[in-house]
Amino acid sequence: MTLRKFVLPPPAAEAPAFERCEMCAERIGEEHGHVVNVGSRALMCVCRACHLLFTRAEGRYLAVPDRYRHDPSFVLAAADWEELRIPVRMAFFFHNSALGRTVAFYPSPGGATESELPLDTWERVLAANPSLSDPLPDVEALIVDRRHGGGAGYLVPIDACYRLTGLVRTHWKGFGGGQEAWEAIDSFFAELRERSLPVPAGDGRG
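(A) Local environment of the side chain of Asp138. Mapped onto the elements of the fold, Asp138 is located in the loop between helix 3 (119-128) and strand 10 (140-145). Discounting chain neighbours no more than four positions away, the residues touching Asp138 are Val36, Val38, Arg41, Leu62, Phe94, His95, Asn96, Ser97 and Ile158.

(B) Local environment of the pairing of strand 9 (residues 111-115). With four of its five residues buried, strand 9 lies for the most part within the structure. Of the strand pairs in this sheet, strand 8 (residues 101-108) and strand 9 are connected by five bridges, and their pairing is antiparallel. Among the inter-strand pairings, Tyr106 is bridged to a residue of strand 9, identified as Thr113. Taking the residues that link successive antiparallel strands as the turn, the strand 8-strand 9 hairpin has two residues.

(C) Highlighting helix 5 (residues 179-195). The terminal C-alpha atoms of helix 5 lie 24 Å apart, and with 17 residues this matches the ideal 24 Å at 1.5 Å per residue to within 8%. Within helix 5, burial applies to Ala181, Ala184, Ile185, Phe188, Phe189 and Leu192. Along the axis of helix 5, the buried residues cluster in a sector spanning 130°; they form a single face. Facing away from the buried side of helix 5, by more than 90 degrees, are the exposed residues Gln179 and Glu194.

(D) Just unusual backbone geometry, in detail. Residues other than glycine seldom take positive phi values, yet Ala25 does so here, at roughly 70°. Mapped onto the elements, Ala25 comes out in the loop between strand 1 (19-20) and strand 2 (27-28). Unlike most non-glycine residues, Asp138 shows phi in positive territory, near 75°.

(E) Quick look at the sheet that holds strand 9. Pairing in this open sheet of seven strands is mixed, and the strands run 9-8-7-10-11-6-12 from one edge to the other. One side of each edge strand has no neighbouring strand; the edge strands of this open sheet are strand 9 and strand 12 (197-198). Across the sheet, helix 4 (residues 158-171) lies against strand 7 (90-96), strand 8, strand 9, strand 10 and strand 11 (152-157), angled at about 110° from strand 11, the strand it touches most.

Cut-offs used in this document
Residues numbered from 1 in each chain as written. Predicted model: local features only at pLDDT ≥ 70, side-chain atom pairs only at ≥ 80, totals over all residues. Heavy atoms only, no water. Helix = DSSP H or I, 4+ residues; strand = E, 2+ residues; numbered from the N terminus. Contact = heavy atoms within 4.5 Å. Buried < 20%, exposed > 50% of the residue type's maximum accessible area, 1.4 Å probe, protein only. Pairing = 2+ DSSP bridges. Expected span 1.5 Å × (residues − 1). Arc of directions from axis to C-beta. Axes fitted to C-alpha atoms, helices over the stretch in contact; angles between N-to-C directions.

Structure, rendered in structure tokens:
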């Protein structure tokens, strides 16, 4: 299962000179909000008014928030990571309301690829990291980076996960990815650390 439609840019010949809100057709800038179609998982670019309209909504469309959190004491045992069966160093996890469960994806050259998520293992990870255990369903995710064998955890808007997937798809070369891809990935996580608010272990929603 892939989410490649979320990370593929439109062909250059079809790219408009400016973007428009996918709900009301209002002109929007490069920096704009997103709304998730819960059923299809489509990520829609929207104007501020439409984004605010779905900020507290419940139903088919939900606004993607702008909450970034980082737990410096994030814990992920090597054995738990192995049980998650993720073949790369990073993955993201979010609750899919349409499926009624949390799902796991990892970036790959072909897009975002789903990995089996053992429930017991995931519950242990959340119990060990209560400060990042409350991402909002469908619109927020927990990104894990296992660089150097350790663990780093971030609570982020779901569109940040698709941006990471796009970086991998765009820059990955050959089997190992290549220097350009890993520099882009490291820059992405450096930006997350700079943008995220550190939360003390044990804290919840902030």
